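Structural description and commentary
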Amino acid sequence: MESKIRDTPDASIWSMRTHVKRRLIDYIRTRYAQQVAIQGASGQEVAAAAASFDYDTLTLGFARRFATYKRPTLLLHDPERLLRILRDPQRPLQLVLAGKAHPQDRAGQDLIRQWAEFIRRSGARSPVVFLSDYDILMTQHLAGGVDVWINTPRRPWKPAAPAE
């Protein structure tokens, strides 16, 4: 198996990668347009959602259950800096988020609200999209198509060394 991968021409690998990413961007555009339409957006806003994200822009992804220990808002520590990084004209980025919190997890629901507020404040053509109704199919699309997968869990807790 390893030799088959090593023998695969670079152009074939890049072509496959490009195809998977195009499918992801198409998926994001479709899901996001449906989502904003359901939320009562205007026709213009739905059309903007359907044209969101760019095939050739570096795409970061984060999808999982929103729980405090997973620190999904770590990137929001300095929101203005994050926006500058995302909107850098020389090296633009786009970020797709997906997830949900347990219905009883108020702190997890608040983490989602923080992202929603950041996206709302960043404007209509935000380089960040939050996809609702997170499920395993969505994760498969995202994990296979993003350029960089973001993971922000807390480091494992290590007990103190025993006293001598």
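Within each chain, residue numbers correspond to sequence positions counted from 1 in written order. Per-residue local features are limited, in this predicted model, to residues with pLDDT of at least 70; the limit for side-chain atom pairs, both in listing and counting, is 80 or more; totals at the level of whole chains, interfaces and linings are taken over all residues. As a rule here, side-chain values cover all heavy atoms of the structure and leave hydrogens and water aside.

Quick notes on unusual backbone geometry
What counts here: Counting from the N terminus, the helices are the DSSP runs of H or I reaching at least four residues and the strands are the DSSP runs of E reaching at least two.
Positive phi outside glycine occurs at Phe-53, with the angle close to 70°. You can see Phe-53 is positioned in the loop between α3 (43–50) and β1 (58–65). Positioned with a positive phi, Asp-133 is a non-glycine residue whose angle comes to about 60°. Among the structural elements, Asp-133 can be located in the loop between β3 (128–131) and α6 (136–145).

Here we look at helix α2 (residues 10–38)
Note the threshold: To estimate how far a helix should reach, multiply one less than its number of residues by 1.5 Å. Only protein chains enter the area calculation, which uses a 1.4 Å probe; residues under 20% of their type maximum are buried, those over 50% are exposed, and those in between are partly exposed. Here a residue-residue contact requires only that any non-hydrogen atoms of the pair lie within 4.5 Å.
The terminal C-alpha atoms of α2 lie 42 Å apart, and with 29 residues this matches the ideal 42 Å at 1.5 Å per residue to within 8%. Turning to α2, its buried residues are Lys-21, Leu-24, Ile-25, Tyr-27, Ile-28, Arg-29, Arg-31, Tyr-32, Ala-33, Gln-35 and Val-36. On its buried face, α2 sits against α3, β1, β2 (93–100), β3 and α6. Remark: Gly-40 follows α2 within two positions and exhibits a positive phi of approximately 90°.

Side note on the packing of aromatic side chains
Rules: Any Phe, Tyr or Trp ring, taking Trp's six-membered ring, that has another such ring centre within 6.5 Å forms a pair; planes under 30 degrees apart are called stacked, those over 60 apart edge-to-face, and the others tilted. Comment: the charge-over-ring label is applied if NZ (Lys) or CZ (Arg) is within 6 Å of the ring centre and within 35 degrees of the ring normal.
This structure, assessed with the given rule, holds three aromatic pairs. Pairing Phe-62 with Phe-66 gives two aromatic rings, centres 5.8 Å apart and planes at 85°, and the pair type is edge-to-face. Residue class for Phe-62 comes out buried when judged on its relative accessible area of 2%. Considering the side-chain rings of Phe-66 and Phe-130, the 5.6 Å spacing of their centres and the 75° angle between planes classify their relative orientation as edge-to-face. Here the residue Phe-66 occupies a position in the loop between β1 and α4 (79–86), and Phe-130 occupies one in strand β3, the gap between them amounting to 64 residues. With respect to burial, Phe-66 and Phe-130 carry one shared label: buried. In textbook terms, an aromatic cluster arises when at least three aromatic residues are bridged by ring pairs, as seen for Phe-62, Phe-66 and Phe-130. When the ring centre of Tyr-55 is taken as reference, the NZ or CZ atom of Arg-22 above it lies at 3.7 Å.

Details of the packing of α4 against helix α5 (residues 106–121)
Note the threshold: Every angle, taken between N-to-C directions, lies between 0 and 180 degrees, and every axis is a line fitted to C-alpha atoms, over only the stretch in contact when it is a helix. Geometric relationships in this document are graded by angle, where less than 35 degrees denotes roughly parallel, more than 145 denotes roughly antiparallel, 65 to 115 denotes roughly perpendicular, and other angles denote oblique. Here a crossing is called left-handed whenever its near helix is offset anticlockwise from the far helix by less than a right angle, and right-handed whenever the offset is clockwise.
Their axes nearest at 12 Å, the elements α4 and α5 cross at an angle of 55°. The orientation of α4 with respect to α5, classified from their angle, is oblique. Where α4 crosses over α5, the handedness of that crossing is right-handed. Along the contact surface, α4 presents Pro-79, Leu-82 and Leu-83, while α5 presents Trp-115, Phe-118 and Arg-121.

Observations regarding the sheet that holds β1
Put simply, the rule is: For two strands to be treated as a pair, DSSP must find no fewer than two bridges joining them.
If you walk across this open sheet you meet the four strands as β3-β2-β1-β4, and the pairing is parallel. Two strands bound the open sheet, and with one partner strand each, they are β3 and β4 (148–149). Examined bridge by bridge, β1 and β2 share eight bridges and lie parallel to one another. Within β2, the position partnered with Ala-63 by the bridge is Ala-98.

Some remarks on the pattern of salt bridges
The condition that has to hold: One speaks of a salt bridge when a side-chain nitrogen belonging to Lys or Arg is within 4 Å of a carboxyl oxygen belonging to Asp or Glu.
Taken as a whole, this structure holds five salt bridges when the rule is applied. As a salt-bridge pair, Arg-17 and Asp-147 come within 2.9 Å of each other at their nearest N and O atoms. A residue pair is termed long-range when its members are at least 10 positions apart, and Arg-17 in helix α2 and Asp-147 in the loop between α6 and β4 qualify at 130 residues. Judged by relative accessible area, Arg-17 falls into the partly exposed class, the value being 23%. Through salt bridges with shared partners, a single network forms among Arg-17, Lys-21 and Asp-147.

Points about the side chain of Ser-52
To be explicit about the condition: Counted as a polar contact is a pair of N or O atoms within 3.5 Å, where, for protein atoms, one must be capable of donating a hydrogen and the other of accepting one, and residues adjacent in sequence contribute only when both atoms are in side chains.
Mapped onto the elements of the fold, Ser-52 is located in the loop between α3 and β1. Within the structure, the side chain of Ser-52 is placed 2.7 Å from the backbone oxygen of Ala-49, a separation counted as a polar contact.

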